[in-house]
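Results of the structural survey
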Amino acid sequence: MQVRIIDTVARDSFHEVFNAALLVMCLRLCGRAEYHCHPSQRRCLEQLLARHGYAGELPRVAFRSVRVVRREGPAGWICRYAAAALRSGWRLVRSRPDELVVFNYNNPLALPLLNLLNRMLHRRVLIVCHGELELLAGRHPWWRASGWFARILRRTFGRKRLDRNMRFCVLGQSILHNLRPYLSEANAPLFFAVDHPGFFDETPASPSPHDTLHVGTVGQLTPAKGLDRILRLSRRIPVPLTVVGRTYGFHDHARWPGVRFVAGTENRFIPRERFEQETAALDYVLFAYDPGSYRLTASGAILDALNLGRPVITLRNDYFDDVLRLPVGYVVDDMEEMASLIRRLAAEYPAGTDPQFTENIARLRREFAVETVAERLREALAAFVPELKNPQR
């Protein structure tokens, strides 16, 4: 059978790792794919798949070009989501009855339209949920776009009856558990969870030799992801702290001489190769996300740490407790404990990391590998799409 993957939101490298992993999983399960996306996203996917040894899969993909609004900022994203909703609906109408239709991003503005259309079309539809689920838990002013998006999601999931030919995938069992209160009894059976898939190199790179302990963060760093905590932490530890990723909601780099910002004062986009090189140079990757955050969304940054074999130091929260089901570093209760731990590790450097961390990282890499998650996806969809193939090579 063929799968039709529709992405009317992404440009450039937006969600590129997950989108590429989902493409490979769908090819494993269905054999062929028709992929609708913006040309800039296509280039990123092709480069990423080639870098991880999956270039041989690309001949089985027929790419179709999608126009995506380029404008940034709140108004730009509203325009992007609105245009994407219409384009998603049109491509659902154009799909064939024998296809599995996959939307790799749950656009809140598209959801009611897709639900309405599929009541008439009866297509088998799979929608993957991401960070938009966090809107369900937060409080948002009614006059902001986030408030309208949250209201749409709450009504659609909790009050409206979703079409029985639709399924919703969330990326983690803890997320599914925390999502249950927002789902109506009729809609809850349509939701299931698999792990966030990732690409993992054969042998993780060892950190470059240096004179002192190196710690840092990976991925975008925002106030919601502990930006303020990380900046304050840099003044309480005796070692360099590196931010490998762009920062949002922050511009005054000069006030923080103890922090090295890889993106620079211009907050430049970091190419994937440079990103992986900088991450591999860290002895520990830090996560200072709010303990109440990531209850309803996954983090790709933790997979970057696992891919490059880096142990972690993280504040405790539901999602990381789920992902770090084996010890691969240290879980702390507050920033004071994190600072104290880093000071101790710096004093012991270069004692090395616990060998158990390395063994457990290897085990988790196998659990989150594309082929393993593809098998879990097949099991979850077995009754819905019985034609799916065994994903093993």
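Residues numbered from 1 in each chain as written. Predicted model: local features only at pLDDT ≥ 70, side-chain atom pairs only at ≥ 80, totals over all residues. Heavy atoms only, no water.

Some thoughts on the pairing of strand β8 (residues 215-218)
- Burial along β8 is two-sided: Val-215 and Thr-217 facing one way and Gly-216 and Val-218 facing the other are all buried.
- With helix α8 (residues 227-234) bridging β8 and its parallel neighbour strand β9 (residues 241-244), the resulting β-α-β unit is right-handed.
- Across two bridges, the pairing between β8 and strand β11 (residues 284-287) is parallel. Bridge pairing links Val-215 to Tyr-284 in β11. (Buried < 20%, exposed > 50% of the residue type's maximum accessible area, 1.4 Å probe, protein only. Helix = DSSP H or I, 4+ residues; strand = E, 2+ residues; numbered from the N terminus. Right-handed = clockwise from strand over helix to strand, strands pointing away. Pairing = 2+ DSSP bridges.)

Thoughts on helix α2 (residues 39-51)
- With 13 residues, α2 ought to run about 18 Å at 1.5 Å a step, and its terminal C-alpha atoms sit 18 Å apart, in line with that.
- Elements that come into contact with the buried residues of α2 comprise α1 (16-30) and β2 (32-37).
- Following α2 by one or two positions, Gly-53 adopts a phi angle in the positive range, close to 85 degrees. (Expected span 1.5 Å × (residues − 1). Contact = heavy atoms within 4.5 Å.)

Considering the sheet that holds β9
- A sheet is described by the order of its strands in space; here six strands give the open sequence β10-β9-β8-β11-β12-β13, paired in parallel fashion. Each edge of the open sheet carries a strand with a single partner, namely β10 (259-261) and β13 (329-332). Going across the sheet, the axis of each strand differs from the next one's by a mean of 25 degrees, ignoring polarity.
- As defined by bridge partners, β9 adjoins β10 across three bridges and the pair is classed as parallel. Bridge pairing links Val-243 to Phe-261 in β10.
- Against the sheet, helix α9 (residues 272-280) touches β8, β9, β10 and β11, its axis set at about 155 degrees to β9. (Axes fitted to C-alpha atoms, helices over the stretch in contact; angles between N-to-C directions.)

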